[in-house]
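So you can see what is in the structure, the chains are spelled out below.
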Amino acid sequence: MKLTFLGGADEVGASCTVVDIAGKKVLVDAGIRISPKSSRGLQNDQLPHLAYLDDIGGPDVILITHAHTDHTGALPQVVRSYPRVPIYATEATIELSRVLLQDSSRLMEGRFEEEGELPLYDADDVERLFRQWQPVDFDRAHKLSADLQATFSPSGHIAGAAMITFESPEGVLVMGGDDSVAPQRTVVSAKPPRLRADALVLESTYGGRSHANRPFEERRLVDTIKAVIDGGGKVLIPAFALGRAQEVIQIMHAFRDEIKAPVYVDGMVRAVCDAYSKFKDILPKETLKMAGNRPLFFRDNVHAVKSKAEREEIMRKEEPMVVIASSGMLTGGASVAYAAAFATDERNAIFLTGYQDEESPGRFLQNMMARKERGDTPVLNLGKDRVPLKCHLGKYSLSAHADQSELMALADALDAQRVFLVHGDTGARDALWEGLRAKKRMVARPKVGQERVVEKRRVLKVDDDSKPDELVEAEALWRMLYQHQGEEFTARELAQLWYNDVEKEDLVMQALEDDPLFFSVDWKRKNRFTVRKTYQVEKIVRSHQILRKNPDLPGKLVVLRNANGQPRLGVVETVGNDGSFTGLMQGSKATNHDGDSLVWIIGEFTGSEEDNIKIYLNEMLSEAESVSERVMPFETRLGLAESAELVDPTLYATPLPSPLPEGEAGEELIWKHQTELAAAVLALARDGARYEYDPEVGLRVERALPSGPVNQQVARDTALKAFPPEARLRKVGMIAHKHTLILTFDFPEVATHKFRDVFDQIRMETGWEANPKMTTSQQALSAAVKEVLPVVTRLAKKPSLYVGDKLVTAEVEGFTDEEIAEAEAAYVDMTNYTLRLINREQPEGSEATVIAATGAIAVNGDAPAGGPLEINEAYDVVRRKLEPLGLQKAGKKGDEIVLTFVSPQLGARYTAEIAELSQLTGYGMRIHDYPMQNIILDLARSLTRRAGWSVRKGPGIHTDRGEVSVKLTD
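Within every chain, residues take consecutive numbers counted from 1 along the sequence as written. Two thresholds apply to this predicted model, a pLDDT of at least 70 for residue-level local features and 80 or more for giving and counting side-chain atom pairs, whereas whole-chain, interface and lining totals are computed over all residues. Neither water nor hydrogens contribute to the side-chain values; these are computed over all heavy atoms in the structure.

## A short note on the overall build of the chain
Okay, so step 1: Only DSSP runs of H or I covering at least 4 residues are called helices, and only runs of E covering at least 2 are called strands; the numbering of each starts at the N terminus. Within the chain, the secondary structure is distributed over 30 helices and 45 strands.
Okay, so step 2: For a compact globule the rule gives 2.2 Å times the number of residues to the power 0.38, and the radius of gyration it is set against comes from C-alpha atoms. Computed over the C-alpha atoms, the radius of gyration of the chain is 33 Å, within 12% of the 30 Å expected from 2.2 N^0.38 for a compact globule of 970 residues.
Okay, so step 3: Viewed in the frame of its principal axes, the chain has a C-alpha envelope of about 110 × 80 × 70 Å.
Okay, so step 4: For every accessible area listed, the method is Shrake-Rupley and the probe measures 1.4 Å; residues are considered covered only by the protein chains on display. Counting only carbon and sulfur atoms, one obtains 48% of the accessible surface of the chain, whose full area is about 44,900 Å².
Okay, so step 5: Only four residue types enter the tally: Lys and Arg on the positive side, Asp and Glu on the negative side, with His and both chain ends excluded. To locate a charge, the coordinates of NZ of Lys, CZ of Arg, CG of Asp or CD of Glu are taken. In the chain, which carries 120 positive and 145 negative side-chain charges, the distance between the mean positions of the two groups comes to 3 Å.

Structure follows, in structure tokens:
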């Protein structure tokens, strides 16, 4: 099968792909670009590359994943050219697309009348389009031909959204649209098909990011709205009319008792809400339950704005209010009018809740938040208006897109052999690409206009006659061994795999020695080859490309990175054919360097042969450091990082005159120019700048550090204070020479998912890398079981851990099914492990008791008339009575039963009960005189977390005085 990406590949917008499969040409989505992309050379072109459809004679069928206009906005154009092609989508997608496209045609007609801008389509085109739609049901296969069927599966995101699975003799392809794994207030979670995909087209909008905890973000949004309202201000929430606005409205309903102000809903949001109300069968049950028999969206204090006159009246009101209006990126619609009215009053606020395109006013607002905090008053461009931005700004993560870990889980669930990443900015796609590549998946980042061929998943062994005596294709052999990266094979084993003939090992050796990119040869045993890992292959490819881009590298003064990633000055001597070069580096004995280590070429090395090169480099470094703040101050670097544009560092050095003076005067000018350029490049390199060469050459800066890495203690303290107690950070270690912090969490998977922004914050504030230790604490897993249970509940026995299956089981008593479900859900959220609670019958008459702590006792009672009970019967009587009171163990020692409580002080509280048990069983009883320290410490950790304390050290236990101590960060 073949995929051709006509739009939406290396961008967010204009999603449009042709799938050539089983003799059919299927068009999946046909969207528009929401804003112009002049940076990609597309200027104001909103359409995907539709001319390709003419080249192939038009599509045979069109399938639509969901209704957003970046997936449907070009459909009227397509249907105008191909009026008889059937279009398949879910019923909700059809209805919502009708709302959006009809609104778009009205807006375009208005712009034509006002500004003469030609519309992409008109109302007649939209009406023609909807005569070709054919509704499909979720999870039901639809025959597109004798050899091809397509199945729509829920993908979350918005009502009716689907991922589409193609099944044919050519393989299985899953075309994702936009996906949302976690359920929300108006969105059910994605339900991917249960199959193995040969290929997956996967969105990457939030690649490299982890969404914040959704309830926490909703709480934060509501609290800030309340603060603005209490201060007499108004709140504008620009929201996408389809999806995000409905979520925000439902949040307003959920917190209606706290938001003491009217909520106005304006723009196309109204029509979308009406459409949503027609499809209650696919909406979350909790949302429907909250509405009851009342309207789903417009009830209580939430009001629809029905006219422009009503909008103007609302904007004139002085009373506090909340306005939810489209569009979500402030590119048009009602939100622009409200933003212009609200922005100039410092009592008001504009709160962003979703993705902001890089060239949208919403992205400008997002970038201006830091400036606002410093007291600046930037100017916001809203169409023709320039508005001083005095109001409060805020950003809240209410995304309906999956984040990095959720997207990777989706690829895992489908066991996709090949993954094509689309619908994302460069950084997002790159981060997801690296994550999937680390899991040994074949991942591609296609560009608009590219074709990609997908082969059906093939097995490791080949047929006897499948390969003649032609030379081995190294890349094809590497892909066959993709799941064996890092493993070593002999030439005979590889010959058996490729030719099914071990005698052809010489052909294998010849091929792999000629093409060393995918396999490394053992330098001692030339007949043994190691399958390179994907990142190694990519590093070698990048090294080759960099050296090809710079053919005159020998004799150049350069900035490069050493083995620890630190930038250094160096002089290149020779360039090899293996993607490496040799040269001397300041501060290092290493002489061989990968092409990938190059940061920037400073210029020709002007030192003489008699010079000691390292002394020369040290002198230049010393002078470069002295002028660094003048050449490249922190504010400049911060602006470059925020702009995310390629940087030409030569612009920050004094330019050389032409012609250059001869003699010492010229040498001094060259030295000054090279020193200033070195200062600029070294400063940017310490900020993590990376050399880019395609399509333009420059440095890509992702962060700005004030003055290099901070010292060890400051870095450690910063990490301890940065994470909230719920992150459960237990220890901060470090690799000092690499400026790397090693963070030990109770539950590292949860910490890295929920607190990704904190990791970035630490890197930005300290200049140290912050790497989690990915080992889950088994002790914390056990303790967490008690944390999710009510305080007065006890465990019937110690939890059982099945770490390999990420499963914990525990027995409890007296729980309702609802309480068990709540505890299990809370446990997953806390640990990312599954908790399975087994409800045991509670003994009649027993009651759970809150435990706490003082003294040890021994009790001897009179034996019952029939003599002491059989010991197991005695244990059973004791446990029934004392386990609810905190008994941990009971064991026989001599003629006594020794009772172990969490602490002897706790056991001393129950002297009367123990005396009664001694008489009942016929055994003397003694309380063990030593506390169970681990349980006490676990309880202390739990209580400090509940209290919101940030612990620097501890807890520590002092058994001699019955105390636990903790040292706090402040």
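## Considerations on the side chain of arginine 728
Okay, so step 1: When you line up the elements, arginine 728 lands in the loop between helix H22 (712-722) and strand S34 (729-735).
Okay, so step 2: Assessed through its relative accessible area of 5%, arginine 728 is described here as buried.
Okay, so step 3: The contact criterion used is simple: two residues touch if any of their non-hydrogen atoms lie within 4.5 Å. Dropping the residues within four chain positions of it, arginine 728 is found in contact with Thr744, Phe745, Asp746, Phe747, Ala780, Glu787, Met830 and Arg945. Think of it in three bands: residues with accessible area under 20% of the maximum for their type are buried, residues over 50% are exposed, and the middle band is partly exposed, with areas taken using a 1.4 Å probe on protein chains only.

## Observations regarding a nonpolar patch on the surface
Okay, so step 1: Only residues whose relative accessible area exceeds 30% and that take part in no salt bridge are eligible for patches, with like-charged residues grouped when within 9 Å of each other and nonpolar side chains (Val, Leu, Ile, Met, Phe, Trp, Tyr) grouped when within 5 Å. Salt bridge, as applied in this entry: a Lys or Arg side-chain nitrogen positioned within 4 Å of an Asp or Glu carboxyl oxygen. Residues Leu656, Leu660 and Leu669 make up a contiguous nonpolar surface patch of roughly 210 Å² in combined accessible area.
Okay, so step 2: Within the secondary structure layout, leucine 669 lies in helix H21 (residues 664-686).
Okay, so step 3: With a relative accessible area of 31%, leucine 669 lands in the partly exposed category.

## Re the environment of aspartate 430
Okay, so step 1: Structurally, aspartate 430 can be placed in helix H14 (residues 426-438).
Okay, so step 2: Taking relative accessible area as the criterion, aspartate 430 reaches 27% and is therefore assigned partly exposed.

## A word on the confidence of the model for the chain
Okay, so step 1: Averaged over every residue, the pLDDT of the chain is 84; residues scoring 70 or more account for 91%.
Okay, so step 2: The pLDDT value expresses, per residue, how confident the predictor is, ranging between 0 and 100. Counted against residues more than four places away or in other chains, residues 458-469, with its pLDDT under 50, gives 23 contacts.
Okay, so step 3: Ignoring residues within four places in sequence, the model shows residues 842-857, a span with pLDDT below 50, making 44 contacts including any to other chains.

## Remarks on the pattern of salt bridges
Okay, so step 1: Tallied over the full model, the rule gives 44 salt bridges.
Okay, so step 2: A salt bridge links aspartate 137 to arginine 140; the shortest N-O distance between them is 3.1 Å.
Okay, so step 3: Of the charged contacts in the structure, one is a salt bridge between aspartate 596 and arginine 542, with a shortest N-O distance of 2.4 Å. You can see aspartate 596 sitting in the loop between strand S29 (592-594) and strand S30 (598-604) and its partner arginine 542 sitting in helix H18 (residues 534-549), a full 54 residues away along the chain.
Okay, so step 4: For arginine 542, a relative accessible area of 9% corresponds to the buried category.
Okay, so step 5: One network of salt bridges, with partners in common, ties together Arg185, Arg214, Glu218 and Glu247.

## Observations regarding the nonpolar core
Okay, so step 1: Leu569, Trp600, Ile602, Val681, Leu684 and Leu699 are the most contacted members of the largest nonpolar core, which totals 45 residues.
Okay, so step 2: Of all the elements in the fold, those that place two or more residues in this core are H18, strand S26 (556-561), strand S27 (567-575), strand S28 (580-585), S30, helix H19 (613-631), helix H20 (634-643) and H21.
Okay, so step 3: Considering each element in turn, this core owes the most residues, nine residues, to H21.
Okay, so step 4: In this structure valine 681 touches Val559, Val599, Trp600, Ile602, Pro649 and Leu699, once residues within four positions along its chain are discounted.
Okay, so step 5: Membership of the second largest hydrophobic core comes to 44 residues, among which are Ile251, Cys273, Val322 and Ala349. In this text, buried Ala, Val, Leu, Ile, Met, Phe, Trp, Tyr and Cys residues form a nonpolar core when linked through side-chain atoms within 4.5 Å.

## Focus on the packing of helix H25 (residues 778-788) against helix H26 (residues 817-831)
Okay, so step 1: Angles run from 0 to 180 degrees between N-to-C directions of axes, and those axes are lines fitted to C-alpha atoms, restricted for helices to the stretch in contact. Packing of H25 against H26 brings their axes to within 9 Å, and their N-to-C directions diverge by 135 degrees. What the angle tells us is that H25 and H26 run oblique. Seen from above, H25 lies across H26 with right-handed handedness. Residues Leu781, Ala784, Val785, Glu787 and Val788 of H25 form the contact with H26, whose own contacting residues are Ala823, Ala826, Tyr827, Met830 and Thr831.
Okay, so step 2: Residue classes in the contact of H25 with H26 are distributed as eight nonpolar, one polar and one charged. An angle counts as roughly parallel when it lies under 35 degrees, as roughly antiparallel when it exceeds 145, as roughly perpendicular when it falls between 65 and 115, and as oblique in every other case. Handedness of a crossing is defined here by the sense of rotation of the near helix relative to the far one, left-handed for an anticlockwise turn of less than a right angle and right-handed for a clockwise turn. Three classes are used, and their members are as follows: Ala, Val, Leu, Ile, Met, Phe, Trp, Tyr, Cys and Pro are nonpolar, Asp, Glu, Lys and Arg are charged, and the others, Gly among them, are polar.

## Focus: the packing of aromatic side chains
Okay, so step 1: Each Phe, Tyr or Trp ring (for Trp, its six-membered ring) is paired with any other whose centre lies within 6.5 Å, and the angle between the two planes then decides the class: stacked below 30 degrees, edge-to-face above 60, tilted in between. The tally for this structure, following the rule as stated, stands at 16 aromatic pairs.
Okay, so step 2: Relative to tyrosine 693, the ring of tyrosine 691 lies with its centre 6.2 Å away and its plane at 35 degrees, an arrangement referred to as tilted.
Okay, so step 3: We classify tyrosine 691 as buried; its relative accessible area is 5%.
Okay, so step 4: The exposure class of tyrosine 693 is buried, given its relative accessible area of 14%.
Okay, so step 5: Through a chain of ring-to-ring contacts, three or more aromatic side chains come together here, namely Phe723, Phe745, Phe755 and Phe759.
Okay, so step 6: Criterion for a charge above a ring: Lys NZ or Arg CZ within 6 Å of the ring centre, and within 35 degrees of the ring normal. One Lys or Arg, arginine 98, reaches over the ring of phenylalanine 130 and ends 4.4 Å from the middle of that ring.
Okay, so step 7: Across from the ring centre of tryptophan 433, 3.5 Å away, lies the NZ or CZ of arginine 445, which sits over that ring.

## Looking at a negative patch on the surface
Okay, so step 1: A cluster of acidic residues, Glu109, Asp122, Asp124 and Glu127, forms a negative patch on the protein surface.
Okay, so step 2: Inspection of the secondary structure assignment puts glutamate 127 in helix H5 (residues 123-129).

## Description of the sheet that holds S28
Okay, so step 1: Any two strands are treated as partners once DSSP identifies two or more bridges connecting them. An order of S29-S28-S27-S26-S30 is seen for the five strands of this open sheet, with the pairing classed as antiparallel. Each end of this open sheet is capped by a strand with a single partner; those strands are S29 and S30. Averaged over all neighbouring strand pairs, the angle between strand axes comes to 45 degrees, with direction disregarded.
Okay, so step 2: Bridging between S28 and S29 involves three bridges; their strand directions are antiparallel. Its bridge partner lying in S29, serine 580 is registered against aspartate 594.

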